[in-house]
Amino acid sequence: MREKILLIDGHSILNRAFYGLPDLTNAEGLHTNAIYGFLNILFKILEEEKPDYLTVAFDLHAPTFRHKQYEAYKGTRKPMPMELREQIPVMKDVLSAMGVTMITKEGYEADDLLGTVAKKSEEKGMDVTILSGDRDLLQLASSHICIRIPKTKGGKTTIEDYYENDVKEAYQLTPLQIIELKALMGDTADNIPGLPGVGEKTATKILLEYGTVENAKAHAEELKPNKAKTAFLEHYDLAVLSKELATICIDSPIEYDWEGAKIHNLYTPEAYEFFKELEFKNFLSRFEDTGEENKIEESFRYITDFTETEKIFERALEEPVVGIELLEEKGQILGLGLAWGEEETEVYSILPQGFVTEDYLIEKTQEFCQQGKLIASLNIKAMLRYMDLKSHNDMFDAGLAAYLLNPLKSEYTYDDIAKEFLGEMFPAKEDLLGKLSYIKAANEKEEELAKSVCYMAYTALKSRTSLLEALEKENMKELYTDMEMPLLFTLADMEKEGILVEAEALKEYGEKLQVRIEALEKEIWEQAGEEFNINSPKQLGVILFEKLELPGGKKTKTGYSTAADVLEKLAPEHKLVADILEYRQLTKLKSTYADGLANYIAEDGRIHSTFNQTITATGRISSTEPNLQNIPVRTELGRLLRKVFIPKDGFIFLDADYSQIELRVLAHMSGDEKLIQAYQEAQDIHRITASQVFHIPFDEVTPLQRRNAKAVNFGIVYGISSFGLSQDLSISRKEAAQYIESYFQTYPKIKGFLDGLVEEAKEKGYVSTLFHRRRPVPELKSSNFMQRSFGERVAMNSPIQGTAADIIKIAMIRVNKRLKEENLKSRLVLQVHDELLIETAKEEVEQVSAILEQEMKEAAHLSVALEIDMHTGENWYEAK
DNA sequence: CTCTTCACG
DNA sequence: ACGTACGTGAAGAGG
C-alpha cells in the first residue's frame, strides 16, 4: 500500500470558507466562519482518504494575501477584511493544538512549498493530495498527485478532483502546459500579465499546435489570429515574465520532516478547548475521551417504571428548586424531565410506558407544580396546555428570559441557552435525534430522546441564576417578572379558551368564493388564449409580459414581478389584469382563510391558536396555527369572513382597539410639545397633521392632503425614508423629501428624537422601549449600505412599536386578572397588536366594558391620553 | 426548502 | 451608487 499525504493551501481554503459561509461569531464576538469551513472540509477529506501525513502551508505575509474570487469578479484589489484576518492566527493555533504541521518560508509562497513537498513525496512513492481553492496548482498534477478544488454550489460543497488525466480532459493540456497557458492568457488576480489580446481560447489553440511558449515563438509568423501574432512579436518578454511568475517552484529550500507530519491523534484535549471556545459544537462529538460531556450525562437516569416514578416525585418534593420539562408534540406527551441539586445534580427523564400513562404524568406534574416549589422550565406555556396552574412568583421560564436578553433568535433551545448561560456545550436536538420528530424519536431513538429531555430539565434548572443575573444587570428584571411572566398565563388562558367559529357559515363562504373563482379562471384563460396556472408568478409573467407584451420590467431576481402594486398600474390597460387581481384576492381568501381556518376547528367548535411570546424582535405577540392576527378587514369581501367568528350562547363580543397608539407613543417619547398639543386638541390627528404640515386651515384640509399626512405619520413610525414614502404615495422622491422636511419643521423635537435613537443604537448596540425591552441592532455595524440603512430604520421603529406592544401587554394582564378576580364569565379571546376581543357574558357587558376601557386607557400614563374605540357585536364583523 | 405573494397591525 | 418603508404567518410554486 502506498502511503498518503494530504497537503493544504491554508489561506486559499480559509478564504474560500470565509466567502462561502454566513458570518459566524462566538460569544466573544470573534468571527469563526472561515475556521469552521476549513475544519469542515479538512474532516471530510480526512474521512474520505485517511491519509498518513498532513501538512498545511501558509504564505508568510498574510496581509498581502489577495482574495482571488473577489478580485476576479471586481477586477480591483481590496485589503483582506478584518473579519477574515483575525481568524488566521486562531486557525494556526487550532492546527497547532491538533498537532498539525505547518510550513511557511520567507520569500516563498504557499504554492511553492506545496509543490516542493508534493514532488518530493511523490518521489518517495507516496500518493499526494493537494487541497486548494486555486487552479494555479493544477500544474502539479500527475498520476500520483491529485489536486482537489472545493466548489460551493447552492450551499452544497462538492470537490473537483484533478489527476493528470483530469487536467487533460478539462483543458486539453498537460499539467505542465497549464504554466504555458497562464503565461499566455495571464491571471489578473495573480498579477500575471500574459499577452495582450490572448485569452483562454487562443492560448489553448496555440499550445495544442506548438506545445510550449518557446516553440510558439519560433513559429510566431504562422500564428493564427493576427492579434496573437503581433502579441508574440511585440510583447514576447511579457510571456517570458509571465511564465516565470506562473511557475510553481518545486525545489524550494525547505527542510521537510515527514516523520513530524505523521497524523497521530488530532482530537487532543487542547484542541477540545479551542473547539469549545470557538463554539463548534458539531465537532465536539469527535472528541471521545475528554470525559467532560459525560460527567453531566452520568447523572442522567431514564425511567419508565411506575413505582420508581412515584419515588422520584416524592424525592423531588424535598428539593427547594426543581428543573422540569414536559416534552410534548401535537398533543402527545413524550417525556418528563426532572432535575435538582446544586453541586451534585440529579436528572431524570420519565418516558410514558405501561402504568406510567400520559395522563398520569400530566396529573403528577400538575400536582407537583402546585406545591409552591420553585419551578424552572424552558417553556411553561407549553406545559399549561395540559394543566391548570395558578400563576405564582416561584416560577422561572428560561425561554422567556433568554428571549428578553436577545429577542433576535428564532428559537430558544436548551443547547443555545446552555452554551450562552452555562458555558456548556450540549449536543443539540438534531445531534441526538437527527431530523426525527419527537413522536418518531419516541419509537426509534428512545434513549436519545430521554437524553434530550434530561438536557432540557438540567438546562432549565441550572441556567436560572445566570439568566436572572443577566436580566438584573440589563435592567429587565421587572419587565420579566411583572410583564412577561404574568402574560404567559394570560396567553395560556386565551389559547385554552379559543374562539368559536361557525363552521357551516365558513363552508358556505368558501363555496361562494369557489363559484366565482371558477368563472374568473375561465375568463382569464380565454383572454390569455391558453390555459395556465394563474397562481404561478412565473407562468403569469410570461403571459402578461411576453405573450401580451404589457409594459412592465423585471423586478425580482427570478423574473417578472407580478405583485399587486405592479398589476394595479396595468389594470386599466387590460381587463385580464383586473381579473387576475380579483382572482388572486379570491383564491387567497379561499385557501388561507376559508379552507385554512376550517382545518383548525377543534372538537369544541373553537379555534385554539397559539400565541407566541418569544418570536418578534420588537416585543409584539405573534399568532400561529392558525394566525388569527391577520384575518381580513381591509376589503369588504374579506371582512365578511369575520362574521363566522361568533360568541357562544348568551355571550356577545366586546372589541376595543387603541387609537393610533404608536403615534401617541411617539408624541410621548419624543416630548414634542406641538404633537402632544395636537393630540390634546383634535380628534383627527391625520387631519391636524395635514393642516400644520401644509399650512392650511384645519377645516380646509382636502381628503388627499389628509391621506398624504397619514402616510407621513406612518412613515415616521416606520423609520422614515423619502424613497419609502414616495413609493407609498406614488409621488417623486423629491416631493416625499419635502413632506418629511416640513413634517420635521412642524414637530421640531421628532427629528432630534429619531436621530437620537440611531445614535443610541450605534453607541450601545441596542435601543429600548419605555419599559426597558431591548432590540439589538447589529445591522448598524454592517459595511453594507443597505443593511446599515435598515438598521437605522429599525432603531427608529423598534422603541415605538415595542412600547406600544408593552402597553397592550400590560392591559391584557390587568384585564384578564380582573375578569377572574371579579368572578366574571367573560374571557379575553384575541389580541391583534392594538386590539383586544372579549367574549362577554351578556349580563356582564357593562361591567366588562368598564374594565376594558379602564385597563386599556390606564395601562400607561403618557403625556398624551390613550384613547380607545370600543364596540359590541354578535360577531367579529359587527364588533370591530 | 426558498421565493413570491398577500393577509393583518 | 447602493435599493427600502416597520413587525409578522401561510399558501402555492418549483427547484
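Everything here concerns the structure above.
The rules behind the values
Residues numbered from 1 in each chain as written. Chains lettered and ligands numbered in written order. Predicted model: local features only at pLDDT ≥ 70, side-chain atom pairs only at ≥ 80, totals over all residues. Heavy atoms only, no water. Helix = DSSP H or I, 4+ residues; strand = E, 2+ residues; numbered from the N terminus. Buried < 20%, exposed > 50% of the residue type's maximum accessible area, 1.4 Å probe, protein only. Contact = heavy atoms within 4.5 Å. Lys, Arg positive; Asp, Glu negative; His and termini not counted. Charge placed at Lys NZ, Arg CZ, Asp CG, Glu CD. Pairing = 2+ DSSP bridges. Axes fitted to C-alpha atoms, helices over the stretch in contact; angles between N-to-C directions. Salt bridge = Lys/Arg side-chain N within 4 Å of Asp/Glu carboxyl O. Near = heavy atom within 4 Å. Polar contact = N/O pair within 3.5 Å; in protein donor to acceptor, adjacent residues only side chain to side chain. Nonpolar A, V, L, I, M, F, W, Y, C, P; charged D, E, K, R; others polar. Core = buried A, V, L, I, M, F, W, Y, C linked by side-chain atoms within 4.5 Å. Domains from an automatic or database assignment. Phe/Tyr/Trp six-rings, centres within 6.5 Å; stacked < 30°, edge-to-face > 60°. Lys NZ or Arg CZ within 6 Å of the ring centre and 35° of its normal.

> Is there a simple way to think about the overall build of chain A in this case?
In terms of helices and strands, chain A carries 39 helices and 22 strands. Looking at chain A as a whole, 52% of its 880 residues are labelled buried. Within chain A, residue pairs in contact and separated by at least 24 positions form 65% of the contacts whose partners lie at least 6 positions apart. Of the side chains in chain A, 105 bear a positive and 149 a negative charge, and the two mean positions are spaced by 4 Å.

> Please clarify how the sheet that holds strand S8 (residues 321-329) should be interpreted in this entry.
Strands in a sheet are paired, the pairing made by backbone hydrogen bonds, and the direction either parallel or antiparallel. The strand order across the open sheet built from six strands is S7-S10-S9-S8-S11-S12, with neighbouring strands paired in mixed fashion. Each having just a single partner strand, strand S7 (300-303) and strand S12 (395-397) make up the two edges of the open sheet. The average angle at which neighbouring strand axes cross in this sheet is 20°, direction not considered. With five bridges connecting them, strand S9 (residues 332-340) and strand S10 (residues 346-350) associate as antiparallel partners. Residue pairing across strands places Leu338 opposite Tyr348, the latter belonging to S10. Across the sheet, helix H16 (residues 306-317) touches S7, S8, S9 and S10, and the angle it forms with S9 is around 45°. Relative to S9, helix H17 (residues 358-369) is tilted by about 35°, and along the sheet it contacts S8, S9, S10 and strand S11 (374-377).

> Looking at this model, I keep getting lost on the pattern of salt bridges. Mind explaining?
It is possible for side chains of opposite charge to pair when their charged atoms get near one another. Applying the stated criterion across every chain yields a total of 46 salt bridges. A salt bridge links Arg315 to Glu346; the shortest N-O distance between them is 3.0 Å. Of this pair, Arg315 sits in helix H16 while Glu346 sits in strand S10, and the two are 31 residues apart along the sequence. On the basis of relative accessible area, Glu346 is assigned to the partly exposed category, the value being 25%. Across the pair Arg773 and Asp806 runs a salt bridge whose closest N-O atoms are separated by 2.7 Å. Linking Arg773 in the loop between strand S18 (766-768) and strand S19 (774-776) with Asp806 in helix H37 (residues 785-821), this pair joins segments that are 33 residues apart in sequence.

> It is not clear to me how the protein's contact with DNA strand C should be interpreted in this structure. Could you clarify?
The environment of DNA strand C is formed by 35 residues, the closest being Asn533, Ser536, Ser622, Glu625 and Arg793. Restricting attention to atoms of DNA strand C within 4 Å of the protein, one finds that 61% of them are sugar or phosphate atoms. Here a sugar or linking oxygen of DNA strand C sits 3.4 Å away from a polar atom, N or O, in the side chain of Ser591. Within the side chain of Gln801, an N or O atom sits 3.1 Å from a sugar or linking oxygen of DNA strand C. Contributing elements (two or more residues each) for the surface near DNA strand C: helix H26 (537-547), helix H28 (575-598), strand S16 (622-624), helix H33 (703-718), helix H34 (722-729) and H37. The leading source of residues in the surface near DNA strand C is H37, at seven residues.

> So what exactly am I meant to see when it comes to the protein's contact with DNA strand B here?
In the vicinity of DNA strand B there are 23 residues, among which Arg584, Lys588, Val633, Arg634 and Asp834 approach most closely. Considering the 4 Å shell around the protein, atoms of DNA strand B inside it are sugar or phosphate in 73% of instances. Between DNA strand B and Thr562 there is a distance of 2.8 Å, counted from a phosphate oxygen to a backbone nitrogen or oxygen. Between Val633 and DNA strand B, the recorded distance is 2.5 Å, taken from a backbone N or O atom to a phosphate oxygen. A per-element tally of the surface near DNA strand B places H28 first, with four residues. Among the residues forming the surface near DNA strand B, the class breakdown is eight nonpolar, nine polar and six charged.

> Help me understand the nonpolar core, please; the structure alone is not making it clear to me.
In globular proteins that are soluble, nonpolar side chains generally tend to be buried together. Counting residues in hydrophobic clusters, the biggest one holds 190 residues, and the most contacted among them are Phe645, Tyr658 and Tyr743. Inspection of this core shows a minimum of three residues originating in each of domain 3 (292-474) and domain 4 (656-661 + 804-879). Dropping the residues within four chain positions of it, Tyr658 is found in contact with Ile807, Ile808, Ala811, Asp834, Met856, Ala859, Leu866, Glu867 and Ile868. Core analysis: the next-biggest nonpolar cluster, separate from the first, contains 48 residues, Tyr53, Ile206, Tyr236 and Tyr256 among them.

> Before we go on, may I ask you to explain the packing of aromatic side chains in this structure?
When we look at a pair of aromatic rings, we describe it by the centre distance and by the angle of the planes. Enumeration according to the criterion identifies 25 aromatic pairs in this entry. Consider the rings of Phe43 and Tyr267, whose centres lie 5.8 Å apart with planes at 35°: the pair is tilted. Note that Phe43 is positioned in helix H2 (residues 33-49) and Tyr267 in the loop between helix H12 (258-261) and helix H13 (269-278), a separation of 224 residues in sequence. When its relative accessible area of 24% is taken as the criterion, Tyr267 is described as partly exposed. Summarising the aromatic geometry, the rings of Phe300 and Tyr455 are spaced 5.0 Å apart at their centres and angled 85° between planes, so their arrangement reads as edge-to-face. Taken together, the positions of Phe300 in strand S7 and Tyr455 in helix H23 (residues 446-473) put the pair 155 residues apart, joining distant regions of the chain. Counting every residue linked through ring pairs, the aromatic cluster contains Tyr36, Phe43, Tyr267, Phe275, Phe280 and Phe283. In this arrangement the basic side chain of Lys124 is found over the ring face of Trp258, its NZ or CZ atom lying 4.2 Å from the centre. For Arg642, the ring lying beneath its charged end belongs to Trp876, and the centroid distance is 4.1 Å.

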